[in-house]
Each structure stands twice: as C-alpha cells, then as structure tokens.
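What follows is the residue order along each chain.
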Amino acid sequence: MYPQIRIDIVKLAKNLEVLEKLAKKGKCSLMVVTKSFCADPQIVDMLLGSEYLRYLADSRIENLESYADKARMAGKETVLLRLPQYCEIEQTVRWADISLNSEIEILRLLDKEAGRQNKIHKVILMIDMGDLREGVFFRNEKEIFELCGEILKMQNVKLEGLGVNLSCYGAIMPKADNLGIFCEIAEKVENKFSIKLPIISGGNSSSIYLIPRGELPAKINNLRLGESFILGREAAYGEHIPGTFNDAVQLRAQIIEIKDKPSVPIGEVGMDAFGNVPHYEDRGIISRAILAVGKQDTDPDGLTPLNTKAEILGASSDHLLMDVSGCGYKPSDTVDFSLDYSALLKLFTSKYVKRVYI
Ligand SMILES: *Cc1c(COP(=O)(O)O)cnc(C)c1O
C-alpha cells in the first residue's frame, strides 16, 4: 500500500553507531530524540538494543508513554524534552524519568505529584543562551540561582543538571563562546550550592559539529540528537555526517495519472486550494504525473525524487504533481523520494502513510 515510508533499520543502526562514537569522542552521554519518527516502535526497539545509549527523549508525553516500560526494562531513562504542560503533570512523572523545565510553578507541581507517585523525578533546568525559546535567560543569573535553590530544597524533584537549546527559534549557532558562558553558569551553580550536576546538556544536532573540531567545551557531557540520527545530518550547517546514511528513511508514492498537458494552466488565474496566487513556468507540453500523496501527508517542498530527471511541480492536499517527461513511467509505477526533516516529520505523523521496514 502507498504512500509508504520505507525504513531501513540497518542503516539507522549504523547512524546510531556513528553518533555514539562522536559522542564518546566529545565525552558526552547521548539522548536519542524519537519525536521526528513519532517513536516508531521498530526504530525504538533497535535503539533499546544499544549499550552506549542511556536516554530516549521526546517532546510528546504520548510517545514516552508508548515506550517507557520497555525502555526502563532495558535500563534506559526517558526524557521529556518539551517543558511539561500544566495539564500533563501526572503523566510527566509517570512516563518521564527526567524532564526539561523552566517554571517554578510547574516544578512545585512535579514535586508534589512525584511524592504522590512515590518517585524521585529528575529535572534539567533550561538556560536560554539567546535563541529565545525555552529557558531562564542567561543574563538573569539571580533567577537561575533562585530556581536552583528552590529545586534543591524539594523532596521529590532532583536537580539533575542544566540544559541549553540553540538553533531552534532564533537560529543561533552553538559556538565555543555561548556554550562557554553556559558552562560558566553551570560551574557557578555547582560552586554556590556545593553540588556536582550530573548532566550538562549542550544542545541538539546543531552542536555536534563542534566535536570533530575539538570546540565543544569540556564541561558539556550530554547531547540530545534527533535529526542527526534519522537523517545523518548535523543541524548547524546542514552538512552530512561522515559514515551516516541520509537515506535510511524514504517515501514511495504511486502514480495515479500520467498525461501530456501544458505546463501552464488554462484560464484566468485566481487562488489555488490554499489561497495562494501561483506562478507557473512555461515549458510547453510536458508529461505530467499525479502521485497519491499530498500536503495532508508531508511537506512537498521537502521531497527530492531519487530519479533526477523527474521534478516536483506542486501539490494539493492529496495530490503531488510532477514533470516526468522522458522518465518512461506509467500509471501504477511508484516514485521514491529522499526527505528533509519537515517532510519526514509529517509523513510519520500522517495516519494515511504506511510504514515498511527493509
Ligand atoms: C527536538 C529537540 C531536540 C532534538 O533536536 P535535533 O535538531 O533533531 O537533534 C533536542 N532538544 C530539544 C529540547 C528538542 O525539542
């Protein structure tokens, strides 16, 4: 059945192996982030077989719930990446061993709930180093110390470490300087309270490029990696990570029509199905294919046909339009695509897309 995501578990295992080596080189523990593939059970099972990997992380509590039991059985800890919602405190304590936090009210509720569930819930306090997504702003050191002080007094919540997230909202690059300041803050917290923080989490797939360069500050001992695992791509410069596969996950979609038609629509141009006024390039009469996959399933801008002669023209909710002139396709043939992060994320999220493991 099509459209289908074709998942090569062997290639993904190889990606994990390369990241483990990189992490080891950077003296970092590894959290593999499962959100982009919606915690697909077969991929998760492969991850659970890794010895080096200590943490599985996700931004959605539903995904953690789906694998928390077997992850713990395999000796791994689960990590909630998105700051817990007020409405999911109970689930956070139940399914996440560690959560990332920045709000004292939520931390107090986690403490209470952890007491109720008779658990110790670990937290990583997020520091915003300028990307302006989550975390206490790094210049407000007073607030950082106060929060740490309060957490350290809690009965059932344990301050497991500090974390930083970059390259997300603000597209700010992790560098030796901003990560260096982050590490200084961690040191100040440790000195002020005479503690040793087990986790100093230095970011996501955009931080790994610093390891081969020897520029990852020594104090950073953890990275949270999603894109680099699933797509073999570091996220600072978008470069391929040597030794990994960027085609471990692909899309295969089926052609439902091929006809020779003009490349420019006929009639007065109004708005398309999404309210945009389109522009068309006139290539004369072309061989046009329609594939049964659309914006409800994926991000068409993030698809690249493996057949370099074929070209995507556009898409509506359920249809992908391609120029397949000279490709020799017939209806019922399928076309394979490599994916970017956005296309991959939506394919895994769409209930209309099947998954095939190869
Ligand atoms: C999604 C996410 C990650 C993983 O990001 P990648 O760029 O895919 O490696 C890490 N940390 C947090 C807080 C996230 O939300």
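In the block above lies the structure referred to throughout.
Not measured: the values here are computed from a predicted model.

Novice: Would you mind showing me how to read the nonpolar core here?
Specialist: A general tendency of soluble globular proteins is for nonpolar side chains to be buried together. Ranked by size, the top nonpolar core spans 97 residues in total, and within it L162 and F229 carry the most contacts. By residue number, the principal contributor to this core is helix α1 (residues 9–25), which donates seven residues. Excluding its chain neighbours within four sequence positions, the residues that come into contact with L162 are I124, L125, I127, C148, F182, I185, A186, V189, L197, I199, I200 and S201. M31, V33, A57 and I98 belong to the second largest nonpolar core, which has 11 residues in total.

Novice: Which parts of the structure should I look at to understand the site of the ligand?
Specialist: Close to the ligand lie 13 residues; K35, S205, R224, G226 and E227 are nearest. One of the side-chain N or O atoms of R224 is found 2.9 Å from a nitrogen atom in the ligand. Taken by itself the ligand offers 390 Å² of open surface, and the protein chains cover 93% of this. Within the shell around the ligand, the residues separate by chemical class into four nonpolar, four polar and five charged.

Novice: Help me understand unusual backbone geometry in this model?
Specialist: Glycine aside, the phi torsion of most residues is negative, and most peptide linkages are trans. Here the amide bond leading from Y2 into P3 is cis, since omega sits at -5 degrees, within 30 degrees of zero. Examined against the element boundaries, P3 turns out to sit in the segment before β1 (4–7). In this structure, A39 is a non-glycine residue whose phi angle is positive, near 50 degrees. With respect to the helices and strands, A39 occurs in the loop between β2 (29–33) and α2 (41–48). The backbone phi angle of N118 is positive, close to 60 degrees, even though this residue is not glycine. Residue position: N118 is located in the loop between α5 (104–116) and β6 (121–128).

Novice: In this structure, what is going on with the packing of aromatic side chains? I would like to understand it.
Specialist: The description of two aromatic rings rests on the distance between their centres and on the angle between their planes. For the structure on display, the rule yields four aromatic pairs. Seen from their ring centres, Y209 and Y237 are 5.2 Å apart, and the 85 degrees between their planes marks the pair as edge-to-face. Residue Y209 is found in the loop between β9 (199–201) and β10 (222–225), and its partner Y237 is found in the loop between α8 (227–231) and β11 (249–262); the two are separated by 28 residues along the sequence. Owing to a relative accessible area of 8%, Y209 belongs among the buried residues under this scheme. Taken together, the ring pairs in this structure connect F37, F229 and F348 into an aromatic cluster. Sitting over the ring of F274, K295 keeps its end group 4.1 Å from the ring centre.

Thresholds applied
Residues numbered from 1 in each chain as written. Predicted model: local features only at pLDDT ≥ 70, side-chain atom pairs only at ≥ 80, totals over all residues. Heavy atoms only, no water. Core = buried A, V, L, I, M, F, W, Y, C linked by side-chain atoms within 4.5 Å. Buried < 20%, exposed > 50% of the residue type's maximum accessible area, 1.4 Å probe, protein only. Helix = DSSP H or I, 4+ residues; strand = E, 2+ residues; numbered from the N terminus. Contact = heavy atoms within 4.5 Å. Near = heavy atom within 4 Å. Polar contact = N/O pair within 3.5 Å; in protein donor to acceptor, adjacent residues only side chain to side chain. Areas by Shrake-Rupley, 256 points an atom, 1.4 Å probe, with all protein chains shown as cover. Nonpolar A, V, L, I, M, F, W, Y, C, P; charged D, E, K, R; others polar. Phe/Tyr/Trp six-rings, centres within 6.5 Å; stacked < 30°, edge-to-face > 60°. Lys NZ or Arg CZ within 6 Å of the ring centre and 35° of its normal.

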